[in-house]
Amino acid sequence: MIITLKRATPQAEVDRLTDLFENQGLKVNLSFGEYYTIMGLVGDTTKIYEHDIEANEWVENVHRVQAPYKLANREFHPEDTIVYVGNTPIGAGQKLAIMAGPCSVESLEGICTIADEVKKAGANILRGGAYKPRTSPYSFQGLGYEGILDMVEARNRTGMPIVTEIMSEKHIDEFMENVDLVQIGARNMQNFDLLKAVGHLNKPILLKRGMSATIDEWIMSAEYIMAHGNPNVILCERGIRTFEKATRFTMDLAVIPIIKKKTHLPIIIDPSHATGSWELIEPVALAAVAAGADGLIIEVHDHPEQALSDGAQSLKPEKFAALVKNCKKVAEAVGRKI
Ligand code: PEP
Ligand code: MN
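**Focus on the site of ligand 1**
In the neighbourhood of ligand 1, the contacting residues comprise Arg 127, Lys 132, Pro 133, Glu 165, Gln 183, Gly 185, Ala 186, Arg 187, Lys 208, Arg 238, His 273 and Glu 299. One nitrogen or oxygen atom from the side chain of Gln 183 is found 3.0 Å from an oxygen atom belonging to ligand 1. Within the contact set of ligand 1, an oxygen atom lies 2.9 Å away from a side-chain nitrogen or oxygen of Lys 208. When ligand 1 sits alone it has 290 Å² of accessible area, and the protein chains cover 97% of it. Taken together, the residues of the shell around ligand 1 sort by class into two nonpolar, three polar and seven charged.

This is the structure we're talking about:
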């Protein structure tokens, strides 16, 4: 971290700041110029917040050299991390994770039928929302715990691990007992109490990017989970808010290589929520595989027009099967497997 002090900063203040940083275990390199004094802090600066330093009246500016996250940072952990969901390894060039299923669990029979269909089509993890974060309080809110138990039954029948979203800390025991991959939705990406709570779980976490979150804010949310003891985080890009209205959100594809450069965590892509349109799911999925994604999460419903949520961005099982086939070709072209 490089701190520039204003002209005429009293020597006593330079000494005070030097002591302050040295007491935090940092080495301080001072350089006195004609107009400014530069302090170069060497060591782990993750616990220092640059805006706190800018509050000092003698500070001209602060420039962070090292990222504010450590556990998620590739610099301190050069190898790709593999996260296991059940027995399925995700990340580090392993086979792509194909997560598929309805937006919401609607009935036991419904989820079991879709589970069979997506498994046949090549999915290896079943998705289905039980607790649903809906924009309107009048929309279907999900089956709650009953939905989780329906997912468990679908897992028993198909052998596929299950992923579903947690919305509140008060349900943590239900998730601990029943769920293989715990999803933090876009709307809860900065629910720090929830992040801390899942940080204590001995379960992998699927952390979706908030729709208005920068990449660094998203990584800091992963850091929260990791700092509380859970290193098994999979990131999921699901589209961000921009001025564009042609799609529900805007798919940020460049985030795949950026996340790979900044972190060692696996990243998967959700083309359903990113586009909001079933017709756009396959082309975006193909692009994501080509760009190096470690997996996909896709909404599938056998009667999208009757779905209780997100029907317009759900594929029918046969279209999902065709998507998997085509993704296989792209995966092979870039040295990956499905
Ligand atoms: C979901 O996966 O069902 C969901 C609500 O996604 P997001 O949090 O990305 O909107
Ligand atoms: Mn959905």
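Back to the text.
**Quick look at a positive patch on the surface**
Positive charge collects at one region of the surface, where Lys 95, Lys 325, Lys 328, Lys 329 and Lys 337 lie side by side. Here Lys 337 lies in the segment after helix H11 (317–333).

**Considering the coordination of the manganese ion (ligand 2)**
Of the protein atoms, only Cys 103 (SG), His 273 (NE2), Glu 299 (OE) and Asp 310 (OD) coordinate the manganese ion (ligand 2), at distances of 2.0 to 2.4 Å. According to the relative accessible area criterion, Glu 299 is buried, its value standing at 0%.

**Quick notes on the domain arrangement of the protein chain**
Segmenting the protein chain into domains produces domain 1 (2–63) and domain 2 (83–333). Centre-to-centre, using C-alpha coordinates, domain 1 lies 43 Å away from domain 2.

**Quick word on the sheet that holds strand S4 (residues 59–63)**
Ordered by their spatial adjacency, four strands build an open sheet running S2-S3-S1-S4, and the pairing between neighbours is antiparallel. Either end of the sheet is taken by a strand with one partner, and the two such strands are strand S2 (27–32) and S4. Pairwise comparison of adjacent strand axes, ignoring direction, gives a mean angle of 15° for this sheet. Direction of pairing for S2 relative to strand S3 (residues 37–42): antiparallel, over a ladder of six bridges. By the bridge assignment for S3, Lys 27 is matched with Val 42.

**What to know about the packing of aromatic side chains**
A full pass over the atoms with the stated rule returns two aromatic pairs. Geometrically, the ring pair formed by Tyr 131 and Phe 175 is tilted, given 6.2 Å between the ring centres and 35° between the ring planes. Here Phe 175 lies in helix H5 (residues 172–178) and Tyr 131 lies in the loop between strand S8 (125–127) and helix H4 (145–158), a separation of 44 residues in the sequence. Residues Tyr 131 and Phe 175 agree in their burial class; the two are buried. Here Lys 70 stacks its cationic end above the ring of Phe 76, 5.8 Å away from the centre of that ring.

Each value, and the rule that gives it
- The residue numbering used here restarts from 1 in each chain and proceeds along that chain's sequence as written.
- By the order in which they are written, chains take letters starting at A while ligands take numbers starting at 1.
- Only residues with pLDDT of 70 or above have their local features reported here, since the model is predicted, and side-chain atom pairs are shown and tallied only from 80 upward, although totals for entire chains, interfaces and linings are computed over all residues.
- Neither water nor hydrogens contribute to the side-chain values; these are computed over all heavy atoms in the structure.
- Throughout, the term near means that a residue has one or more heavy atoms lying within 4 Å of the molecule or strand in question.
- We call two N or O atoms a polar contact when they sit within 3.5 Å, provided that within protein one can donate a hydrogen and the other can accept it, with sequence-adjacent residues counted only if both atoms are side-chain atoms.
- Accessible surface is estimated by sampling points in the Shrake-Rupley manner with a 1.4 Å probe; for residues, cover comes only from the protein chains shown.
- In this count, Pro and Cys sit with the nonpolar residues alongside Ala, Val, Leu, Ile, Met, Phe, Trp and Tyr, while Asp, Glu, Lys and Arg are called charged and the others, Gly among them, polar.
- Patches were defined on residues exceeding 30% relative accessible area and lacking a salt bridge, with like-charge contacts within 9 Å and nonpolar side-chain contacts (Val, Leu, Ile, Met, Phe, Trp, Tyr) within 5 Å.
- Definition used for salt bridges: Asp or Glu carboxyl oxygen within 4 Å of a side-chain nitrogen of Lys or Arg.
- In this tally Asp and Glu are treated as negative and Lys and Arg as positive; neither His nor the chain ends contributes.
- For this purpose, a charge sits on NZ of Lys, CZ of Arg, CG of Asp or CD of Glu.
- Numbering of helices and strands runs from the N terminus, with a helix taken as a DSSP run of H or I at least four residues long and a strand as a DSSP run of E at least two residues long.
- Each metal's donors are the N, O and S atoms found within 2.8 Å of it, except that Na, K and Ca use a 3.2 Å limit; water is left out, so coordination can look incomplete.
- Exposure classes here rest on a 1.4 Å probe applied to the protein chains alone. A residue is buried below 20% of its type maximum, exposed above 50%, and partly exposed in between.
- Domains are outlined according to an automatic or database domain assignment.
- Here a strand pair is declared whenever DSSP counts at least two bridges between the two strands.
- All axes are obtained by fitting lines to C-alpha atoms, using only the stretch in contact for helices, and the reported angles, taken between N-to-C directions, cover 0 to 180 degrees.
- Pairing of aromatic rings covers Phe, Tyr and the six-membered ring of Trp, with a centre-to-centre limit of 6.5 Å; geometry is then stacked below 30 degrees between planes, edge-to-face above 60, and tilted otherwise.
- Any Lys NZ or Arg CZ found within 6 Å of a ring centre and within 35 degrees of that ring's normal is scored as a charge over the ring.

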